[in-house]
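# Chains, contacts and geometry: an overview
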Amino acid sequence: MTTTTTRRDVLSVLARRLHSDGDQTMTITNAMTGEPLGEVPSCTPADVATAAGRARQAQKGWAATPVRQRAEVLLRFHDLVLARQDEVLDLIQLENGKARRHAFEEVMDVCLTARYYARTAADALKPKRRQGVQLALTQVRELHHPKGVVGIISPWNYPLTLGISDALPALVAGNAVLAKPDRQTPFSALWAVGLLEEAGLPAGVIQVVTGSGTELGTPIIEQS
């Protein structure tokens, strides 16, 4: 993103990942200059309910996907983040304002998180025998089932790390995610969602809504 025009084109593409039935928008500003960067929908509680419904529908097929295949998506995502890190470093700096070397810490955190859960998910989620109350008479097994839809409300100060890292273990466990990044910093999270889908995550498994936390927070909790 070397020019203002190119930058706006990229942000416009990211904003089109969002869906809202209303016509209200929010302007995202450049944290370093105060100038407008782009616009995203100002979603409503009804939009949250619609997004949660889409997530539940997509989650059924995702949960039926073998855990090792879900883990492979995280490994491909890891590689894509490293290969295209300059894109998100630009985004973090533009919408958050932090120094580039501090933005790079977020890239590394997300990559390490993706790789860790990709490598450990199969063992963590496999059925395990546990000791029963009566050793000779009972058999106990620990089984893990996806919750369904996991809600994530993330703040502005680590827009990539907090916007996507908590979603990664939820996804590899077979859940869908309903995410609301901070209203000041939505683009880094949207970028990460795009890369996850490029890595093989089925469309719709992550749903993103943007808007006021006071208006959308409770609906997200109720839908998760």
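Provided above is the structure to which this section pertains.
Residues numbered from 1 in each chain as written. Predicted model: local features only at pLDDT ≥ 70, side-chain atom pairs only at ≥ 80, totals over all residues. Heavy atoms only, no water.

## Section: the packing of helix α2 (residues 45-63) against helix α9 (residues 213-223)
The relative placement of two packed helices comes down to the angle between their axes together with the axis-to-axis distance. At their nearest, the axes of α2 and α9 sit 9 Å apart, and the two run at 30° to each other. By the angle between their directions, the pair α2 and α9 is classed as roughly parallel. For the crossing formed where α2 meets α9, the hand is right-handed. Contacts between α2 and α9 involve P45, V48, A49, A52 and R56 from the first element and E215, L216, P219, I220 and Q223 from the second. A class-by-class count of the residues in the contact of α2 with α9 yields seven nonpolar, one polar and two charged. (Axes fitted to C-alpha atoms, helices over the stretch in contact; angles between N-to-C directions. Helix = DSSP H or I, 4+ residues; strand = E, 2+ residues; numbered from the N terminus. Parallel < 35°, antiparallel > 145°, perpendicular 65-115°, else oblique. Left-handed = near helix turned anticlockwise from the far one by under 90°. Contact = heavy atoms within 4.5 Å. Nonpolar A, V, L, I, M, F, W, Y, C, P; charged D, E, K, R; others polar.)

## Observations concerning helix α4 (residues 85-96)
An ideal rise of 1.5 Å per residue puts 16 Å on twelve residues; α4 measures up with 16 Å between its terminal C-alpha atoms. All of the buried residues along α4 are V88, L89, D90, L91, I92, Q93, L94, E95 and N96. (Expected span 1.5 Å × (residues − 1). Buried < 20%, exposed > 50% of the residue type's maximum accessible area, 1.4 Å probe, protein only.)

## Regarding the nonpolar core
Core analysis: the largest hydrophobic core is formed by 63 residues, its most contacted members being F77, L160, I164, L171, F187, W191 and I206. Apart from the residues within four sequence positions on either side, L160 is in contact with V88, I92, E106, V107, V110, S165, S188, W191 and A192. (Core = buried A, V, L, I, M, F, W, Y, C linked by side-chain atoms within 4.5 Å.)

## Some thoughts on the pattern of salt bridges
Taken as a whole and judged by the stated rule, the model has six salt bridges. Between E198 and R84 there is a salt bridge, with the nearest N and O atoms lying 2.7 Å from each other. Here E198 is found in helix α8 (residues 187-198), whereas its partner R84 is found in the loop between α3 (67-83) and α4, with 114 residues between them in sequence. R84 gets classed as partly exposed once you look at its relative accessible area, which sits at 25%. Here the salt bridges share partners, and the residues they tie into one network are R84, E87 and E198. (Salt bridge = Lys/Arg side-chain N within 4 Å of Asp/Glu carboxyl O.)

## As for the sheet that holds strand β7 (residues 206-208)
Here three strands make up an open sheet; going across it, the order is β5-β6-β7 and the pairing parallel. The strands lining the two open edges of the sheet, one partner per strand, are β5 (149-153) and β7. With direction set aside, neighbouring strand axes in the sheet form an average angle of 20°. Two strands pair when backbone bridges link them, and strand β6 (residues 176-180) and β7 are joined in this way by three bridges, in the parallel orientation. The residue bridging L178 from the neighbouring strand is Q207, located in β7. α9 rests against β5 and β6 of the sheet, and its axis sits at about 165° to β6. (Pairing = 2+ DSSP bridges.)

## Focus: α8
Its twelve residues place the ends of α8 16 Å apart at the C-alpha level, agreeing with the 16 Å of an ideal helix rising 1.5 Å per residue. With ten of twelve residues buried, α8 is to be regarded as a mostly interior element. Residues of α8 that are buried: F187, S188, A189, L190, W191, A192, V193, G194, L195 and L196. Looking at the residues trailing α8, positive phi occurs at G200, about 120°.

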